[in-house]
Amino acid sequence: MSVATNRDELTSYEYRQMRARVLAASDVCIVCGHGASDACDHIHPVSKGGARLDPDNLGPIHGVAGCPVCLRKCNSEKGDRPLADVVQLVTSVDWFAGP
């Protein structure tokens, strides 16, 4: 498997539709657990063998602007590491539980 250097799928219609569905289902960030995510990221990085266009490999994440609650730059912090390798925020509220 080759390293992900061509990221054309990020501008494809299929990816944008998938991203919209992921964010419509939940806007809770996969890194910090706060709402208002504005981007999607691959849970298992494409550069590490993750599927590019698999909806089960995409999760909501705070993009360039960062989290409005904890101010983390979640997507930058995650980088190309698997989600399991990222230190997740521990809070008094279980944000991952949903409404």
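The text that follows walks through the structure, step by step, so that each part is easy to find. (Residues numbered from 1 in each chain as written. Predicted model: local features only at pLDDT ≥ 70, side-chain atom pairs only at ≥ 80, totals over all residues. Heavy atoms only, no water.)

1. With respect to the pattern of salt bridges
Thought 1: As enumerated under the stated definition, the model contains three salt bridges in all.
Thought 2: When the shortest N-O distance is used, the salt bridge between D80 and K48 registers 3.7 Å. Placement of the pair is D80 in the segment after α2 (74-78) and K48 in the loop between β1 (39-42) and β2 (58-61), with a sequence separation of 32 residues.
Thought 3: Judged by relative accessible area, D80 falls into the partly exposed class, the value being 42%.
Thought 4: With relative accessibility at 47%, the residue K48 sits in the partly exposed group. (Salt bridge = Lys/Arg side-chain N within 4 Å of Asp/Glu carboxyl O. Helix = DSSP H or I, 4+ residues; strand = E, 2+ residues; numbered from the N terminus. Buried < 20%, exposed > 50% of the residue type's maximum accessible area, 1.4 Å probe, protein only.)

2. Thoughts on helix α1 (residues 13-25)
Thought 1: Compared with the 18 Å implied by 1.5 Å per residue over 13 residues, the 18 Å span of α1 between its first and last C-alpha is a close match.
Thought 2: Those residues of α1 that are buried lie in contact with β1 and β2. (Expected span 1.5 Å × (residues − 1). Contact = heavy atoms within 4.5 Å.)

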